[in-house]
Number of protein chains: 2
Amino acid sequence: MMKITKKTEYALIALKYMQSLESGSVANTTELSERHSIPRELLAKAMQQMARSGFIQTVSGAKGGYKINSDFTQISMDSFLEIMEGPLSLVICTEEHDCPIQESCNISKPLNTINAKMKLFFSNISLAEITS
Amino acid sequence: MMKITKKTEYALIALKYMQSLESGSVANTTELSERHSIPRELLAKAMQQMARSGFIQTVSGAKGGYKINSDFTQISMDSFLEIMEGPLSLVICTEEHDCPIQESCNISKPLNTINAKMKLFFSNISLAEITS
DNA sequence: TATAAATCGGACTAATTTAGTCCGCGTTTA
DNA sequence: TAAACGCGGACTAAATTAGTCCGATTTATA
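No experiment lies behind these values; they were computed from the predicted model shown.

Trainee: Hey, could you go over the protein's contact with DNA strand D for me, with residue numbers and the actual values?
Mentor: Around DNA strand D, 23 residues are found, and the nearest of them are T5 of chain A together with K45, Q48, T58 and Y66 of chain B. Among the atoms of DNA strand D lying within 4 Å of the protein, the sugar-phosphate backbone contributes 64%. Note that a base oxygen of DNA strand D is positioned 3.3 Å from one of the backbone N or O atoms of A62 of chain A. In the model, a phosphate oxygen of DNA strand D is placed 2.9 Å from a nitrogen or oxygen of the T29 of chain B main chain. Looking at the surface near DNA strand D, the element that brings in the most residues is helix α3 (residues 40–52) of chain B, giving four residues. Grouping the amino acids of the surface near DNA strand D by side-chain chemistry returns six nonpolar, ten polar and seven charged.

This is how it looks when you write it as structure tokens:
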């Protein structure tokens, strides 16, 4: 349990590789996927999502690709994971408030407390700790 | 992401209720499922799993059910979750060592470090913090 | 200026995991 | 001996994740 998805995994692999290049270099999806033996199309989705979120910058057209656009020491795992995968929550009631057993649920309070601590844990880890 | 499964959720709801009863009381699955509006058969699986693991004790036969068998302050979320759901790991390579992209993977080391920290985080939370 | 190389994003299918159900069995109470 | 309980395997259904396909747009360059 607690797995991150493949899409996020591929995103991290790409970021790490891009960070190893000279600053400002452009890397494209085909190159990234071949070099790391990961499915091109799925990686492409991850790259697009990261570009939309501003972690990386698109360079469009032929000879295009992506380049790093942000300081990974300033991005937390908490925000990265939430953008890639949605809210970090142990139970659905942390995100939504229409749980069918809400009335008779006796554990939502303590679990939400633990959830907040878990988010804090991930907010203290920077993306750079993975990519550097 | 990071959701615990329904089975584990139901397990916690049951444990919390059982702990609210007089010490040594027996609770049965039907009663627990009705009281908390949760599917009986799925809860039954959770109870059986907890009994096998020694968290609770089976009382068999008619008027049977389960009673608490352990000190929840001494059980960590880490071990509870691992027993209910399997290894706590962000990536598969923490558990298994036959990842197809192992060769070209550049993130397994930092992720495994973070994984260890996450396990430590959960090992410092006791089951009693939820059920009490 | 045409072509090739690249991203964009929606729609789709396949695979895997999770959720939930069913049923025949053994045990114990009354 | 019948009813109430847990046991556990097999099964189906639902949801999520993984992976693919394709038509559109942008840009470099031959």
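After presenting the structure, the write-up continues.
Trainee: Go over the pairing of strand β1 (residues 56–59) of chain A with me, naming the residues and quoting the values.
Mentor: Residues and elements named next belong to chain A. Across four bridges, β1 lies against strand β2 (residues 65–68) in antiparallel orientation. Across the sheet, V59 pairs through a bridge with G65, a residue of β2. Remark: five residues form the turn of the hairpin made by β1 and β2, two consecutive strands paired antiparallel; G61 in that turn has positive phi of roughly 85°.

Calculation notes
- Residues numbered from 1 in each chain as written.
- Chains lettered and ligands numbered in written order.
- Predicted model: local features only at pLDDT ≥ 70, side-chain atom pairs only at ≥ 80, totals over all residues.
- Heavy atoms only, no water.
- Near = heavy atom within 4 Å.
- Polar contact = N/O pair within 3.5 Å; in protein donor to acceptor, adjacent residues only side chain to side chain.
- Helix = DSSP H or I, 4+ residues; strand = E, 2+ residues; numbered from the N terminus.
- Nonpolar A, V, L, I, M, F, W, Y, C, P; charged D, E, K, R; others polar.
- Pairing = 2+ DSSP bridges.

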